[in-house]
Amino acid sequence: MRKKIVAGNWKMNKTLEEAKALLSEVVNMVKDEVTGDVTVVLCPPALYLTTSRQYITAGGRVALGAQNCHEKASGAYTGEISAPMLQSIGVEYVILGHSERRQYFGETNAQLADKVNSALENGLTPIFCCGESRELRENGDYIGFVKDQLTDSLFHLSAETFAKVVIAYEPIWAIGTGLTASSAQAQDMHFEIRRHIAGQYGDAIAQDITILYGGSANEKNAAELFAQPDVDGGLIGGASLKSREFTNVVKAVN
Ligand code: PGA
């Protein structure tokens, strides 16, 4: 059974008080209003993860995610946070390979393979991001580019381990720009991603993998995006910063 997920990536936003207010609003709205079979993953800034834990009931519909982790378990890496640390405070998911990390912090496919390994070894579910630039979408082999991101960072995993990964397709040209991919563009790429996975791991695993769409998804376009057969939920940036709008996005999963 393919799991449906809506994850909120808060990025570098909110003071502590604002974060607490958003957490308690979202947790309550989700509890009161969401009936469908969907898991909600909240990814606040790392600094607030411990506090956030207190708002989230273990085993419930809402889970906690980090926005990144280091590839090593511990050591002299000033300013970094490791997968065992996240695991030790009850974090269940970690976003890896977000395009902003690739662009501003130079993360490579090879480094992301190591991060994915560390996350999985420590019981975290990676939400692995892939996606092409506008230049590639307009004049390049953007499908090949996304396939290579998956091959290089994930396809060393055994089938059993790969099956634990969540994928997020996030076209860079759609992130924070208000330019959402059309539901057909999202569906086409998700289909290609699933076919690529099937080529490596077989149909059964490909059919079970959760593939999220990210990039200017909001309460207005979410239902149409999520209705596509290969779109299993969303990774939501801007629209996750407002409790009412984010809850409406979660409710768009059917
Ligand atoms: P956006 O961000 O929804 O603000 O476009 C999505 C993301 O970067 O995960």
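This text goes with the structure placed above it.
Caption draft 1: Representation of the layout of surface pockets. Volume-wise, the largest pocket comes out at about 560 Å³. Together, 19 residues line the largest pocket, and Lys-11, Gln-67, Asn-68, Arg-101 and Phe-105 are the ones closest to its centre. The residue inventory of the lining of the largest pocket, partitioned by class, reads 10 nonpolar, 5 polar and 4 charged. Looking at the second largest pocket, its volume works out to about 200 Å³. Considering the residues around the second largest pocket, the lining is formed by 16 residues, among which Gly-176, Gly-215, Ser-216, Gly-237 and Gly-238 are closest to the centre. In terms of residue class, the lining of the second largest pocket is built from 5 nonpolar, 9 polar and 2 charged.

Caption draft 2: Spatial organisation of the nonpolar core. Leu-154, Phe-162, Ile-167 and Ile-193 are the most contacted members of the largest nonpolar core, which has 65 residues in total. The contacts of Phe-162, once residues within four sequence positions are left out, are Leu-154, Phe-155, Leu-157, Ile-167, Ile-197, Tyr-201, Ile-205 and Ile-209.

Caption draft 3: Geometry of the packing of helix H5 (residues 109-121) against helix H7 (residues 142-154). The interhelical angle for the contact between H5 and H7, taken along N-to-C directions, is 50°, at an axis separation of 7 Å. One element, H5, and the other, H7, form an angle in the oblique class. Two packed elements cross with a definite hand, and for H5 against H7 that hand is right-handed. In this structure, H5 uses Asn-109, Leu-112, Ala-113 and Val-116 to contact H7, whose residues at the interface are Asp-148, Gln-149, Asp-152, Ser-153 and Leu-154. In terms of residue class, the contact of H5 with H7 is made up of 4 nonpolar, 3 polar and 2 charged.

Caption draft 4: Here's a closer look at the environment of Lys-164. Positionally, Lys-164 belongs in the loop between helix H8 (159-162) and strand S6 (166-169). C-alpha separation for the pair Lys-164 and Ile-127, spaced 37 residues apart in sequence, amounts to 9.7 Å. Setting aside anything within four residues of it in sequence, one finds Lys-164 in contact with Leu-120, Thr-125 and Pro-126.

Conventions and cut-offs
- Residues numbered from 1 in each chain as written.
- Predicted model: local features only at pLDDT ≥ 70, side-chain atom pairs only at ≥ 80, totals over all residues.
- Heavy atoms only, no water.
- 1 Å grid on protein atoms, 1.4 Å probe; cavity = no way out; pocket = protein on both sides within 12 Å on 5 of 7 lines; lining within 4 Å.
- Points joined across faces, edges and corners; volume = space filled by probe spheres on them.
- Nonpolar A, V, L, I, M, F, W, Y, C, P; charged D, E, K, R; others polar.
- Core = buried A, V, L, I, M, F, W, Y, C linked by side-chain atoms within 4.5 Å.
- Buried < 20%, exposed > 50% of the residue type's maximum accessible area, 1.4 Å probe, protein only.
- Contact = heavy atoms within 4.5 Å.
- Axes fitted to C-alpha atoms, helices over the stretch in contact; angles between N-to-C directions.
- Helix = DSSP H or I, 4+ residues; strand = E, 2+ residues; numbered from the N terminus.
- Parallel < 35°, antiparallel > 145°, perpendicular 65-115°, else oblique.
- Left-handed = near helix turned anticlockwise from the far one by under 90°.

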